[in-house]
Amino acid sequence: MNAHIKNQAAFPETLATTDTSSTFNLARLRADFPILQRSINGKPLVYLDNAASSQMPQQVINRLVHYQAHEHANIHRGVHTLSQAATTEYENARIKAMHFIGAQEAREIIFVRGATEGINLIMHGYGRRFIGEGDEVIISAMEHHSNIVPWQMLCEEKKAKLRVIPMNDVGELLLDEYAKLFNARTKFVALTHVSNALGTINPVHEMIATAHQQGVPVLLDGAQAAPHIAVNVQALDCDFYVFSSHKMCGPTGVGILYGKAALLEKMQPYQGGGDMILNVTFECTTYNDIPHKFEAGTPAIAAGIGLGAAIDYITAVGLDNIAAHEHALLEHATHAARNIQGLNIIGTAQHKAAVLSFTLDDIHPHDIGTLLDQDGIAVRAGHHCAQPVMQRFGIPATARASFAFYNTFEEVDALIAGIHAVKKVFS
Amino acid sequence: MNDPRALYQEVILDHNKKPRNFGVLENANRHAEGHNPVCGDHITLHVKIDDEYITGISFEGQSCAICKASASMMTGQIKGKTVAEAETLIQEFRDMATGKLNVNAQPHHLGRLTVFAGVSELPSRIKCAILPWHTLHAAFKKMNSTSTEKDF
Ligand SMILES: Cc1ncc(COP(=O)(O)O)c(C=O)c1O
């Protein structure tokens with residue numbers, strides 16, 4: 001093993017020997033992220049757009065560089081040393097992902113491009129095969145477009161019906177209404193674990209049980225959950241789970257689709273090509289076993305291995321530490337935001353991830369975003385790919401600060417000061 | 001312009017707060033809707049054209065300060081002009097916003113609209129400033145809706 005991988009292995013000992021918060025050393029963690037040293041418009045970067053994409057620690061950057069410099073070859077194809085090394089590293093990343101979400105077997109872990117592709121794969125592989133005319137698919141009122149549009153496409157194609165779980169004014173799904181949506185034609189539930197626009201953590205355990213009582217499988221969109229709360233797919237008993245690497249300190253271009261093996265085996269392949277076959281003649285092709293049946297073509301090998309390193313990093317920091325620190329940041333931010341006259345927090349669910357979505361007087365969020373950027377503060381402004389959520393709250397857009405474990409209380413204070421400055425410009 | 005905050009100067013803030021020619025226009029004979037899907041800006045233009053002259057114009061919709069001020073100032077500048085003159089302004093405004101026209105060095109007819117010159121340094125906001133102009137062009141061409149994702 002080379003030096004930096006050893007470092008990485010040593011990392012857990014230095015950081016998370018116990019799970020008490022005293023081992024959570026923020027200054028040392030921040031030093032791992034080169035980009036946090038940057039300044040923007042002459043001010044230190046305050047990066048609060050983590051729900052869109054998070055930053056990458058040196059450990060993951062090093063892993064990518066090392067792979068590219070010493071280990072790269074195509075995988076699953078060559079008998080030569082490099083190809084075998086790359087294959088081993090890539091498959092190791094699959095096993096890391098398996099442990100990360102508590103899956104039972106590595107073959108239940110499919111590498112995809114990201115959460116979006118994972119959902120599209122399920123729509124195609126499961127939806128197109130098992131959902132037909134007159135059937136119903138349930139989604140929620142707080143889905144990201146990536147968990148709406150594929151199901152709309154399916155419903156249009158199959159003449160099936162899309163049913164939507166409504167939510168209340170604080171951004172919590174109405175569980176009674178949810179239970180009432182089920183009938184004999186209900187074939188699938190696709191639900192976000194954590195809302196990117198509101199921060200709501202849905203009671204997915206209970207909601208999955210409701211669906212299972214009716215014999216209906218459930219897909220969880222974990223894009224906003226995986227980086228922030230410990231996930232165990234077996235404890236949740238979800239049938240499918242998707243998440244993206246780039247929201248959890250890993251590279252773009254890769255994500256994970258988990259599916260129960262029995263379901264994945266029944267599904268049709270998503271794309272055809274190399275690696276997903278056992279045998280091809282012009283008359284007939286025999287598909288490979290899962291997970292390879294769903295992994296046609298050369299994947300993003302470096303990104304997959306990088307995701308493995310990101311999982312190591314996050315695991316070393318500890319998801320309990322992460323959740324605790326981020327919750328403290330959210331409490332601090334929420335408290336301060338409530339004292340700003342004219343600021344309206346959108347999404348105040350009781351169980352919430354560290355997302356602060358807000359409107360400010362009648363100042364458009366894009367103006368807020370541009371002015372905050374002047375102070376080096378990066379927030380997202382817009383509909384957050386969740387236009388139905390905006391419609392539900394009767395607003396065109398929000399400004400959104402989304403926190404990660406490497407954010408500090410001082411950065412929250414900078415945000416609050418920045419918001420006051422925006423108000424002053426428009427006063 | 002080093003500090004984009006300078007873009008949020010009084011003229012623009014004032015037009016944002018008190019937009020001119022805001023609302024529906026009776027007797028308008030051209031209408032177009034403009035969308036900026038990236039940020040959700042949405043405006044509707046009502047235009048009245050008589051013999052090539054723009055005799056009336058108003059706008060409605062929800063948008064950021066940059067877009068609203070741009071629309072408000074556009075309606076003020078355009079009224080009374082011919083369609084051909086307005087098309088020239090559309091082109092010049094687009095060129096200014098995208099940095100192709102240096103308003104200090106090259107000839108133009110933009111007048112007070114040069115307060116938007118700074119937007120060229122804020123790539124994410126260029127479309128906000130251009131949307132009303134883009135929509136005006138669509139109204140002239142009798143396209144009923146347009147989006148900043150089309151052309152330019
Ligand atoms: C809740 C949710 N689902 C899905 C996605 C899509 O993720 P990706 O763009 O990485 O495929 C996102 C990302 O914005 C998200 O927040």
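Parameters and conventions
- Residues numbered from 1 in each chain as written.
- Chains lettered and ligands numbered in written order.
- Predicted model: local features only at pLDDT ≥ 70, side-chain atom pairs only at ≥ 80, totals over all residues.
- Heavy atoms only, no water.
- Helix = DSSP H or I, 4+ residues; strand = E, 2+ residues; numbered from the N terminus.
- Rg over C-alpha atoms; globule rule 2.2 N^0.38 Å.
- Buried < 20%, exposed > 50% of the residue type's maximum accessible area, 1.4 Å probe, protein only.
- Contact = heavy atoms within 4.5 Å.
- Lys, Arg positive; Asp, Glu negative; His and termini not counted.
- Charge placed at Lys NZ, Arg CZ, Asp CG, Glu CD.
- Salt bridge = Lys/Arg side-chain N within 4 Å of Asp/Glu carboxyl O.
- 1 Å grid on protein atoms, 1.4 Å probe; cavity = no way out; pocket = protein on both sides within 12 Å on 5 of 7 lines; lining within 4 Å.
- Points joined across faces, edges and corners; volume = space filled by probe spheres on them.
- Nonpolar A, V, L, I, M, F, W, Y, C, P; charged D, E, K, R; others polar.
- Polar contact = N/O pair within 3.5 Å; in protein donor to acceptor, adjacent residues only side chain to side chain.
- Pairing = 2+ DSSP bridges.
- Axes fitted to C-alpha atoms, helices over the stretch in contact; angles between N-to-C directions.
- pLDDT = per-residue confidence, 0-100.

1. Observations concerning the overall build of chain A
- Helix and strand content of chain A: 15 helices and 17 strands.
- In terms of overall dimensions, chain A is globule-like: its C-alpha atoms have a radius of gyration of 22 Å, near the 22 Å expected for 427 residues.
- Among the 427 residues that make up chain A, the fraction classed as buried is 58%.
- Residue pairs at least 24 apart in sequence account for 71% of intrachain contacts in chain A once pairs closer than 6 positions are excluded.
- Taking the average place of the 31 positive charges on the side chains of chain A and the average place of its 41 negative ones, the gap between the two points comes to 4 Å.

2. Some thoughts on the pattern of salt bridges
Residues and elements named next belong to chain A.
- The full count for this structure, using the stated rule, is 25 salt bridges over all chains.
- Between Arg63 and Glu71 there is a salt bridge whose closest N-O contact spans 3.0 Å.
- Exposure remark for Glu71: the relative accessible area of 12% places this residue in the buried category.
- Residues Arg128 and Glu157 are paired through a salt bridge, measuring 2.9 Å at the closest nitrogen-oxygen approach. One end of the pair, Arg128, is in helix α5 (residues 115-130); the other, Glu157, is in helix α6 (residues 149-158), with 29 residues separating them in the sequence.
- Glu157 sits in the partly exposed class, given a relative accessible area of 41%.
- Each of Arg63, Glu71 and Glu89 takes part in salt bridges that share partners, so that together they form one network.

3. So, the layout of surface pockets
- Considered as a void within the structure, the largest pocket measures approximately 560 Å³ in volume.
- In terms of lining, the largest pocket is formed by 27 residues, of which the most central are Asp361(A), Asp362(A), Ile363(A), His364(A) and Asn16(B).
- Residue composition of the lining of the largest pocket, by class: eleven nonpolar, eight polar and eight charged.
- By volume, the second largest pocket amounts to about 430 Å³.
- Contributing to the lining of the second largest pocket are 18 residues, with His366(A), Gly369(A), Thr370(A), Ser124(B) and Arg125(B) lying nearest its centre.

4. A short note on the interface of chain B and chain A
- Residue-level contacts link 18 residues of chain B with 13 residues of chain A.
- In this structure, the connection of chain B to chain A is made through one salt bridge.
- The partner of Arg125(B) in a salt bridge is Asp367(A), with the nearest N and O atoms 2.8 Å apart.
- The tally of links between chain B and chain A comes to five residue pairs in polar contact (both at pLDDT 80 or more).

5. Section: the sheet that holds strand β7 (residues 186-192) of chain A
Residues and elements named next belong to chain A.
- In spatial order, the strands read β4-β10-β9-β8-β7-β5-β6; together these seven strands make up an open sheet with mixed pairing. The outermost strands of the open sheet, each flanked by one partner alone, are β4 (109-112) and β6 (161-165). On average, each strand axis in the sheet is tilted by 20° relative to the strand beside it, whichever way the strands run.
- Pairing of strand β5 (residues 136-140) with β6 involves five bridges; the strand directions are parallel. When the bridges of β6 are listed, Ile138 appears paired with Arg163.

6. Here we look at the environment of Thr135(B)
All names here are of chain B.
- Relative to the elements of secondary structure, Thr135 occurs in helix α4 (residues 126-140).
- According to the relative accessible area criterion, Thr135 is buried, its value standing at 0%.
- Spatially, the C-alpha atoms of Thr135 and Ile90 are 9.9 Å apart, while their sequence positions differ by 45 residues.

7. Considering the confidence of the model for chain A
- Put simply, chain A has an average pLDDT of 93, and 95% of its residues get 70 or more.
- The low-confidence segment residues 1-22 of chain A, where pLDDT is below 50, has 31 contacts with residues more than four positions distant or belonging to other chains.

8. Structural notes on the sheet that holds strand β14 (residues 355-360) of chain A
Residues and elements named next belong to chain A.
- An order of β13-β14-β17-β16 is seen for the four strands of this open sheet, with the pairing classed as antiparallel. The open sheet has two edge strands, β13 (343-345) and β16 (380-382), and neither has a second partner. Across this sheet, the average inter-strand angle for adjacent strands is 30°, counted without regard to direction.
- Here β13 runs beside β14; their pairing, made up of three bridges, is antiparallel. Bridge pairing in β14 places Asn344 opposite Thr359.

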